[in-house]
Every structure is written in structure tokens, then in C-alpha cells.
Amino acid sequence: DVKVTQSSRYLVKRTGEKVFLECVQDMDHENMFWYRQDPGLGLRLIYFSYDVKMKEKGDIPEGYSVSREKKERFSLILESASTNQTSMYLCASSFNQGYGYTFGSGTRLTVV
Amino acid sequence: EDQVTQSPEALRLQEGESSSLNCSYTVSGLRGLFWYRQDPGKGPEFLFTLYSAGEEKEKERLKATLTKKESFLHITAPKPEDSATYLCAVHVMEYGNKLVFGAGTILRVKS
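The present account deals with the structure reproduced in this document. (Residues numbered from 1 in each chain as written. Chains lettered and ligands numbered in written order. Predicted model: local features only at pLDDT ≥ 70, side-chain atom pairs only at ≥ 80, totals over all residues. Heavy atoms only, no water.)

## Observations regarding the nonpolar core
So, step 1. Within the largest apolar cluster, 24 residues are counted, with the highest numbers of intra-cluster contacts made by Trp35, Leu73 and Tyr86 of chain B.
So, step 2. Of all the elements in the fold, those that place two or more residues in this core are strand E2 (10–14), strand E3 (19–25), strand E4 (30–38), strand E5 (45–50), strand E7 (62–66), strand E8 (70–75), strand E9 (84–92) and strand E11 (105–110) of chain B.
So, step 3. If one sorts the elements of this core by residue count, E9 of chain B sits on top with five residues.
So, step 4. Apart from the residues within four sequence positions on either side, Tyr86 of chain B is in contact with Gln6, Leu21, Trp35, Tyr36, Arg37, Leu47, Leu62, Leu73, Gly104, Thr105 and Leu107 of chain B.
So, step 5. Within the second largest apolar cluster, 21 residues are counted, among which are Cys23, Trp34, Tyr64 and Ala81 of chain A. (Core = buried A, V, L, I, M, F, W, Y, C linked by side-chain atoms within 4.5 Å. Buried < 20%, exposed > 50% of the residue type's maximum accessible area, 1.4 Å probe, protein only. Helix = DSSP H or I, 4+ residues; strand = E, 2+ residues; numbered from the N terminus. Contact = heavy atoms within 4.5 Å.)

In C-alpha cells, the structure reads:
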């Protein structure tokens, strides 16, 4: 069964900390995505990547960066965590244009 | 601006009470419409892809249909285990590989 694996289900970090969220897919997918999901706001795209070392800003990239050194791994970095970054973070991957996404189980991040 | 709107925001049904969820879109160059199911605290799970008006897909108690302006997710004789948030998303040519998601419909089925 194909999988997108996010390294942590729950994470609690302090304000100002640098936070790494890791995502690994085993489907040899070209495209990978990071979303955050908040009640009433739905899924909002943070960053995405079409290929290794490629990255594109999504709708809400401020305060975040990403890294894709290998095809199967896409990392989301919160350079200096703030309380307004408390959210559910979802990673997804897709094979190519027109294909649906496969999502990971999500990371519930709380910044205190 | 392109939009994906889902209605209703929330729906409560009795077990066995059939109904429909709506996803309307105002996009140009639609390449596909996707339905996902999301359980609390989990990532969305893929249900269906529809590519052209008139297309229908079925899975157990769920049936998805597509017109030029909207999609419906019909739920026939729902059970409590169908309770979840249902998300629709559109793939638009000008957005490349990105999907644009609606806000979702929260479905609760009571026994």
C-alpha cells in the first residue's frame, strides 16, 4: 500500500524554536506539498515542490521554508515558531498533473 | 477569482436518511475534480476523481456526479461510520499540479 509518512503525529514546541516537520513518500512521486488546516479556513497551501531541489511558494509561505534534497523527502521548516503557527500540518504527494494527492496522517503542532 | 464552495457546511442525518453534498466551482480550464473523506485528526483519504461533465463514480453508499458548474456527492442510506468531513478539490490547468480545496462539509450520521 502506498504511503506518505509524517514523522510526528503530535508536537509541542516553544515560541522562537526552529521546528522541522518531515515527510517521506514511497511512491516515487514527482510532486510534494505542505498544507496547514485550521477550523473554518480549510486547507491552505504553504509550499510545494515539483522535483528535487525545486520549491514553489503556495498561498501562505510567510514564516516557513522547505527543503527537498531527495525525491522521497520533503521537509517543512518553521524558522522561528510562533503561536499563530499552531495548526494541523498535512503533507501530500502526487504523481503528475491531473492526479489526486495522497496525504499523510498529519502533524498536530502546538506552539506555546 | 476562482473559487470552490461546498455546501452545506454541516449536515446531520439519521441513519438511512439519504442526502447530497454540493461542491460548486467557478474555474476555467478544469482538469479534474476530486472528493476526499477526512476523519478527525487524520489526513484526507481519496474517494473519487471526475474529469468531465456527465461522469459518475460510485463506491459503496457514495456516488459522485459532475456537471459543468458543480459536483454532488450523494449518500444513500448512510450509516454512522460515514460520519466525516468531505472535501472537494479542483485541478485547474493554469495552476499546474496544485489542487484548490473547498472548506468541506462535516457530516454526522446518528443511529
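Alright, that's what it looks like, and here's the rest.
## Considering the pairing of E7 of chain B
Residue and element names in this part refer to chain B.
So, step 1. Of all five residues in E7, four are buried, a share of seventy percent or more.
So, step 2. Relative to E7, strand E6 (residues 56–59) runs antiparallel, the two sharing four bridges. Within the sheet, the bridge partner assigned to Glu56 lies in E7 and is Thr65.
So, step 3. In this structure, the hairpin formed by E6 and E7 is closed by a connection of two residues, where Glu60 is found at a positive phi of approximately 55°.
So, step 4. In terms of strand pairing, E7 meets E8 through five bridges, oriented antiparallel. Note on E8: the bridge partner recorded for Leu66 is Ser71.
So, step 5. Between E7 and the antiparallel strand that follows it, E8, lie three residues. (Pairing = 2+ DSSP bridges.)

## Some details on the pairing of E9 of chain B
Residue and element names in this part refer to chain B.
So, step 1. Taken across its nine residues, E9 has nine buried, putting it largely inside the fold.
So, step 2. The alternating pattern of E9 places Ala84, Tyr86, Cys88, Val90 and Val92 and Thr85, Leu87, Ala89 and His91 on opposite faces, both of which are buried.
So, step 3. Where E4 lies against E9, eight bridges are found, and the strand directions are antiparallel. Counterpart to Arg37 in the pairing with E9 is Tyr86.
So, step 4. Relative to strand E10 (residues 99–101), E9 runs antiparallel, the two sharing three bridges. By the bridge assignment, Val90 is partnered in E10 with Val100.

## A word on the interface of chain B and chain A
So, step 1. Counting from both sides, the interface comprises 18 residues of chain B and, opposite them, 20 residues of chain A.
So, step 2. For the pairing of chain B and chain A, the buried interface totals around 1600 Å² over both sides, and the portion due to carbon and sulfur atoms is 54%.
So, step 3. Elements with a contribution of two residues or more to the side of chain B that touches chain A: E4, E9 and E10 of chain B.
So, step 4. If you tally residues by element for the side of chain B that touches chain A, the top one is E4 of chain B, at four residues. (Buried area = accessible area lost by both parts, 1.4 Å probe.)

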